[in-house]
Amino acid sequence: MVREGDGRWLVPEALGPLMKPGGHGVIWKLMLDNDVFGWFRANGRKGGLLRQISNPLAGTDDTLLALAGQGLGAGAAFGFASCERKVGASEGCNVLMERRLPGRQGTSYCVTNVEYTEFARLGIQDQDQSGSWGEEDGDGTSAFPANTNILYVGLDQVERKVMEGAAQGYAGAGVVLPGMLVNLKKTTTFFCRETRADVSHRAGRLECTMQNIADSLAQVLPEPAPPEASPDLDTFLIFNGRSKVTSSAKKRRKEGPTTEASLRQTPDGSFLDLMRNGKEVLELCGFSVPDVGGAAEYVERGPGFIFLFHPALGPLWHVIAQKVRGGSLAPGSELVLEIAEADVQDLALDGSLVVRAERPMGHLDESGLLKYSQRCGRCRLVDVRVENAGVDWGNDANVYWQHHVERLGGLHVLLEGDAEFEAVGVTFQGSHEFVVPPGHKMVVTQKEDGSLVEDLRASTGPSWAWVYQPGGEGVQLSKALQ
């Protein structure tokens, strides 16, 4: 780390300069050095998706499928999934970069990323779409879309480019380690062994950025493209609403007054956004859903409800809406569907319901690898009411973003292997737990006096399955009875 102003090394102890990671741009060199490109090629892969683990919303609804489809369909080299950003936000932006080459070599174009720390150096004025400078004059939405580091990679094209850069030695450093920059905007605090005290300086380090490999994938046109033109490039960008693209969890929530801004880039803020998406999904399913609540309410009491589901339940929201159809969640309810093959209709939930399939997507082969198949857990709930004490919302041990919650009651269904569970026209009052072993189907019915009857029988295969049929109106589901 070097100090802003004089460029001196930060040295907490003798011969011990302060060290920080050099950025994720090294991923391409590591992939080349370890023959990762070759491994993908040997497995028949032409494209790949990159996302950061700190952004749990990157796989929401159609974002990743759209990115992969556009990249593979066009045979593209590199692509970005983008969304709106606020003026002044500490995040990069996606731009169409034009470079006039010397002499008569033409003009190069590519869609790429510019980090926010580079705006001033490159003369970028971060103003909103109406030309204003912020929310006082406009809505505060920047004219530049956000770089979210959700990326499509054309594996062959990127491998060739990185190999070319490596062969050039020093001249190819910008390809092998792309997007190198020095960010001196952040304050760094460390313990100095000489003074025996904490020391703070504005400082930075040399970083490289994986997304700026796009700079090396530019295409040269003989003449500059008119501003209104859309040149056919090997790099591309797709755009979606921010709630379906990004809500990063990079830092711990600070103590003090809670606002929407104070939760940004924290796990709590990301989970709150996840629940807001959950409300939208459930409403699409025809559910009556309570409000999620604002930032201050979330920190004080938790979200208005919890809804979590396995990505294979969709991930497309309109697919989920065909599997989960109609119902209601009372305030403070918890609905967890860790399952892909679910058939839920007219569910009234007041409390906690957790359905968990050990094998939601298929079975494991002899080597322990997942094989997508019909040998997975299934659950059918039709005209079911669930009433129990549910989550203990006042418990100080609750950590909502980790889904570590204490419960006073709940209905839990655990499906082992290819087990099935079915309940039609049943009211579950109080706490219940059903564990269905593999190769079995459990049907729960209810007598006139309200008591429950469990019928567990061995099965020879799935009694039903969803059949997916893509079409012009999206993926349509039909139910096949076995």
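The structure we're discussing is the one just above.
Residues numbered from 1 in each chain as written. Predicted model: local features only at pLDDT ≥ 70, side-chain atom pairs only at ≥ 80, totals over all residues. Heavy atoms only, no water.

1. With respect to a positive patch on the surface
Residues Lys186, Lys250, Lys251 and Lys254 make up a contiguous surface patch of positive charge. Locating lysine 254 in the fold gives a position in the loop between strand 12 (235–239) and helix 7 (267–284). Residue classification places lysine 254 among the exposed positions, given a relative accessible area of 70%. (Patch = residues over 30% accessible without salt bridge, like charges linked within 9 Å, V, L, I, M, F, W, Y side chains within 5 Å. Areas by Shrake-Rupley, 256 points an atom, 1.4 Å probe, with all protein chains shown as cover. Salt bridge = Lys/Arg side-chain N within 4 Å of Asp/Glu carboxyl O. Lys, Arg positive; Asp, Glu negative; His and termini not counted. Charge placed at Lys NZ, Arg CZ, Asp CG, Glu CD. Helix = DSSP H or I, 4+ residues; strand = E, 2+ residues; numbered from the N terminus. Buried < 20%, exposed > 50% of the residue type's maximum accessible area, 1.4 Å probe, protein only.)

2. Examining the packing of aromatic side chains
Tallied over the full model, the rule gives eleven aromatic pairs. A connected cluster of aromatic rings, assembled from ring pairs, spans Phe271, Tyr298, Trp393 and Tyr400. The cationic tip of lysine 244 hangs over the ring face of tryptophan 317; the distance from NZ or CZ to the ring centre is 4.4 Å. Here the guanidinium or amino end of lysine 479 rests over the ring plane of tryptophan 464, the centre of that ring lying 4.8 Å away. (Phe/Tyr/Trp six-rings, centres within 6.5 Å; stacked < 30°, edge-to-face > 60°. Lys NZ or Arg CZ within 6 Å of the ring centre and 35° of its normal.)

3. Some thoughts on the sheet that holds strand 8 (residues 186–192)
Strands sit in the order 1-9-8 across an open sheet of three strands; the sheet is antiparallel. Edge strands, defined here as strands with exactly one partner in the open sheet, are strand 1 (2–3) and strand 8. Examined bridge by bridge, strand 1 and strand 9 (residues 197–204) share two bridges and lie antiparallel to one another. Across the sheet, the residue bridging to valine 2 is glycine 204, located in strand 9. (Pairing = 2+ DSSP bridges.)

4. Some remarks on the pairing of strand 9
Sheet analysis places strand 8 next to strand 9, joined by seven bridges and oriented antiparallel. Across the sheet, residue threonine 189 finds its bridge partner in strand 9, namely serine 200. In this structure, the hairpin formed by strand 8 and strand 9 is closed by a connection of four residues, where arginine 196 is found at a positive phi of approximately 55 degrees.

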